[in-house]
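# Residue-level structural notes
Each chain, written out:
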Amino acid sequence: MDQNQKKKAVGEAAVKFVKPGDIIGVGTGSTVNYFIDALAPIAHEIKGAVSSSEASTEKLKALGIEVYSLNDVDSLDVYVDGADEINADKAMIKGGGAALTREKIVSAVAKKFVCIIDDSKMVDTLGEFPLPVEVIPMARSYVAREIVSLGGDPVYRQGVVTDNGNVILDVHNLRIDAPMHLETQLNQIVGVVTNGLFAHRGADIVLVADNNGVKEI
Ligand SMILES: O=C(CO)[C@H](O)[C@H](O)COP(=O)(O)O
């Protein structure tokens, strides 16, 4: 199976976590797009969704699924999203698609985080994938200098403005041995909105597609 076939297989497998009457949390990215497509046959049974991006909202609405504001929803049974990297503790790097802030907010409200990945995303140590950090535009240079002092090499993601009107710094050359500690440290830098480490709130269930099919971890 190539990577897209694996993404499709795992996106389809995640539908089993969606129950009739649920309001579900929906992430962002190419793997999640397969999940949304796979919701089509049961779209009429779902009460609705809370979405983490304008892109996912558009796809959900095209299926006739009502998209709720998170402020109108107390809790979500399940949040389904991809990841850029995940380790054995189910801590993740996310934000390759620049949707990390809304993803972190929506996932915080969910009882269960189901992470859907192909096997290329599993790593021993996080950090090979550059860590995205969403930053208030006027703080970009200051935050970049602070990140350098932590040992990272921040690169401004040119031309990208997040759904929240902010910019992204991708931090290269980090070997992340203590993901929770680094997540907290980055959050302390004034001007950082969110960083792409999902360690304090990692995944609860991981569905991984490899050449043998989809397995649950
Ligand atoms: O965090 C994300 C978007 O901000 C995505 O979940 C992550 O980038 C994985 O994307 P894909 O499923 O396209 O490989």
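Residues numbered from 1 in each chain as written. Predicted model: local features only at pLDDT ≥ 70, side-chain atom pairs only at ≥ 80, totals over all residues.

The strand order across the open sheet formed by four strands is β8-β9-β7-β10, and the pairing between neighbours is antiparallel. Every other strand in the sheet has two partners, leaving β8 (153-156) and β10 (192-195) as the edge strands with one partner each. Here the average twist between neighbouring strands, direction ignored, is 30°. Those strands touched by helix α5 (residues 140-149) are β7 (131-135), β8, β9 (167-172) and β10, and its axis lies near 15° from that of β9. Contacts from helix α6 (residues 179-187) reach β7 and β10 within the one sheet, and its direction differs from that of β10 by about 165°. (Pairing = 2+ DSSP bridges. Helix = DSSP H or I, 4+ residues; strand = E, 2+ residues; numbered from the N terminus. Axes fitted to C-alpha atoms, helices over the stretch in contact; angles between N-to-C directions. Contact = placed C-beta atoms within 7 Å.)

All right, on to the site of the ligand then. In the region of the ligand, 17 residues are neighbours, and Gly 29, Thr 31, Gly 82, Gly 96 and Gly 97 sit closest. Of the residues contributing to the shell around the ligand, the split by class is four nonpolar, nine polar and four charged. (Near = placed C-beta within 6 Å. Nonpolar A, V, L, I, M, F, W, Y, C, P; charged D, E, K, R; others polar.)

Our focus in this paragraph is the domain arrangement of the chain. Partitioning the chain into structural domains gives domain 1 (3-122 + 200-216) and domain 2 (131-196). Centre-to-centre, using C-alpha coordinates, domain 1 lies 24 Å away from domain 2. The interface of domain 1 with domain 2 comprises 14 residues on the first partner and 14 residues on the second. When residues of the side of domain 1 that touches domain 2 are assigned to their parent elements, the largest contribution, four residues, is made by helix α4 (residues 100-109). (Domains from an automatic or database assignment.)

With that settled, consider the environment of Val 133. Along the chain, Val 133 turns up in strand β7. On a C-alpha basis, the gap between Val 133 and Asn 4 in space is 26 Å, while along the polypeptide they are 129 residues apart. If near-sequence neighbours (up to four positions away) are discounted, Val 133 is found in contact with Ile 168, Leu 169, Val 171, Leu 186, Val 192, Asn 195 and Gly 196.

This part is about the nonpolar core. Counting residues in each nonpolar core, the largest one holds 60 residues, and the members touching the most others are Val 80, Val 114, Cys 115 and Ile 116. The leading source of residues in this core is strand β6 (residues 110-118), at six residues. If we skip the residues at most four places from it in the chain, Val 80 touches Ala 14, Phe 17, Ile 24, Val 26, Gly 27, Val 32, Phe 35, Val 114 and Ile 116. (Core = buried A, V, L, I, M, F, W, Y, C linked by C-beta atoms within 7 Å. Buried ≥ 20, exposed ≤ 12 C-beta atoms within 10 Å, placed from the backbone.)

Read from one edge to the other, the open sheet built from three strands follows the order β4-β5-β11, with strand pairing classed as antiparallel. Here the strands that pair on one side only, and so sit at the sheet edges, are β4 (85-86) and β11 (197-198). Note that strand β5 (residues 92-93) and β11 share two bridges and pair antiparallel. Bridge assignment links Met 92 to a residue of β11, and that residue is Phe 198.

On to the pairing of strand β12 (residues 205-210). Each regular strand carries side chains that alternate between the two faces of the sheet. Across five bridges, the pairing between β6 and β12 is parallel. Its bridge partner lying in β12, Ile 117 is registered against Val 208. For β12 and strand β13 (residues 213-216), the ladder comprises four bridges, and the chain directions are antiparallel. When the sheet's bridge partners are listed, Leu 207 is paired in β13 with Glu 216.

Where helix α2 (residues 30-38) is concerned, the buried positions are Thr 31, Val 32, Tyr 34, Phe 35 and Ile 36. On its buried face, α2 is in contact with α1 (3-13), β1 (23-26), α3 (54-62), β3 (76-81) and β6.

At a minimum axis distance of 10 Å, the contact between α2 and α3 shows a crossing angle of 15°. On the basis of the axis angle, α2 is roughly parallel to α3. The two elements α2 and α3 cross, and the hand of that crossing is right-handed. Contact residues: Val 32, Asn 33 and Ile 36 in α2; Ser 56, Lys 59 and Leu 60 in α3. (Parallel < 35°, antiparallel > 145°, perpendicular 65-115°, else oblique. Left-handed = near helix turned anticlockwise from the far one by under 90°.)

Turning next to unusual backbone geometry. With a phi angle near 70°, Ala 98 is a residue other than glycine that sits in the positive phi range. In this fold, Ala 98 is placed in the loop between β5 and α4. At Asn 173, a residue that is not glycine, the phi angle is positive and equals roughly 60°. Positionally, Asn 173 belongs in the loop between β9 and α6.

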